[in-house]
Amino acid sequence: MDKPILWSTVEQGFLNWFTFYLGHACILFGGAYLYLYGFTGYKFGKQAIFKAMITGAMVILGVETWNRFFGTNYIIGDITGALGIEDMPRLYVLILIFTVGNIYIALGLSFVYFFKPIYERNNDNQLHKTWCQISFTFLKTKFNKSKNVKINKKDE
């Protein structure tokens, strides 16, 4: 709560905000690195994204129950403080967190879903292409076909 609002223009505001969320970013990218390069052997799928969304909802409900019982302001207070919506009714904040939060989790984890491990452990051999490589190959093929059709029409 004592950190500046996300879009604060106060001098040093962004630096304080960045240090507040640095731990989250390090955990995210560290986990993504371990997963993407196959160190864990974990098979990630759509069901894992769904389970993460359910777990997030359970954590928020548990923390909000704790907050109500002990008069604290964990997680929900941090979110309202970072977004500058402290005056919004608590029920609306919870609805916002459940809807936008689950979308945020799904989008964040879809990065990992679409970039599955492509390298064998301790090896530089690529095991399979990512969806991004497949998409670019498809677009390149389509572009080359349309380019060849234009050239053939000019020759006629």
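Residues numbered from 1 in each chain as written. Predicted model: local features only at pLDDT ≥ 70, side-chain atom pairs only at ≥ 80, totals over all residues. Heavy atoms only, no water.

> Please provide a residue-by-residue account of the overall build of the protein chain, values included.
Within the protein chain one finds five helices and zero strands. If you list the helices and strands of the protein chain from N to C, you get α-α-α-α-α. Burial analysis of the protein chain (156 residues in total) assigns 20% to the buried set. Restricting the contact set of the protein chain to residue pairs at least 6 apart, pairs at least 24 apart contribute 51%. Accessible surface, the protein chain as shown: approximately 12100 Å² in total, 67% of it carbon and sulfur. (Helix = DSSP H or I, 4+ residues; strand = E, 2+ residues; numbered from the N terminus. Buried < 20%, exposed > 50% of the residue type's maximum accessible area, 1.4 Å probe, protein only. Contact = heavy atoms within 4.5 Å. Areas by Shrake-Rupley, 256 points an atom, 1.4 Å probe, with all protein chains shown as cover.)

> So what about the pattern of salt bridges? Which residues, and what values?
Per the stated rule, a full pass over the model turns up two salt bridges. Between Glu-64 and Arg-90 there is a salt bridge; the shortest N-O distance is 3.1 Å. A residue pair is termed long-range when its members are at least 10 positions apart, and Glu-64 in helix H2 (residues 46–70) and Arg-90 in helix H4 (residues 90–114) qualify at 26 residues. (Salt bridge = Lys/Arg side-chain N within 4 Å of Asp/Glu carboxyl O.)

> I'd like a description of the nonpolar core, backed by residues and values.
Ile-60, Ile-76, Ile-85, Val-93, Leu-94 and Ile-97 together form the largest nonpolar core, which totals six residues. In terms of residue count, the dominant contributor to this core is H4 (three residues). Here Ile-76 is in contact with Ile-60, Glu-64, Asn-67, Arg-90, Val-93, Leu-94 and Ile-97, once residues within four sequence places are set aside. (Core = buried A, V, L, I, M, F, W, Y, C linked by side-chain atoms within 4.5 Å.)

> I'd love a proper account of the confidence of the model for the protein chain, names of residues and values included.
Per-chain confidence: the protein chain averages 76 in pLDDT, with 67% of residues scoring 70 or above. When pLDDT is averaged over each element of the protein chain, H2 comes out on top at 89 and helix H1 (residues 13–36) at the bottom at 69. (pLDDT = per-residue confidence, 0-100.)

> Go over the packing of aromatic side chains with me, naming the residues and quoting the values.
Counted according to the given criterion, the structure contains two aromatic pairs. Each ring, one from Trp-66 and one from Phe-70, has its centre 4.2 Å from the other, and the planes form 45°; the classification is tilted. Taken as a pair, Trp-66 and Phe-70 lie in helix H2 at a separation of four residues, close to a single helical turn. Here the aromatic rings of Phe-69 and Phe-70 are separated by 4.7 Å at their centres, their planes lie at 90°, and the arrangement is edge-to-face. The class of Phe-69 is exposed, set by a relative accessible area of 67%. The exposure class assigned to Phe-70 is partly exposed, which follows from its relative accessible area of 46%. Pairwise contacts between aromatic rings join Trp-66, Phe-69 and Phe-70 into one cluster. (Phe/Tyr/Trp six-rings, centres within 6.5 Å; stacked < 30°, edge-to-face > 60°.)

> Help me get a handle on the side chain of Asn-67, residues and values and all.
Locating Asn-67 in the fold gives a position in helix H2. On the basis of relative accessibility, which here comes to 4%, the residue Asn-67 falls in the buried class. Excluding residues within four positions of it along the chain, Asn-67 makes contact with Thr-72, Asn-73, Tyr-74, Ile-76 and Arg-90.

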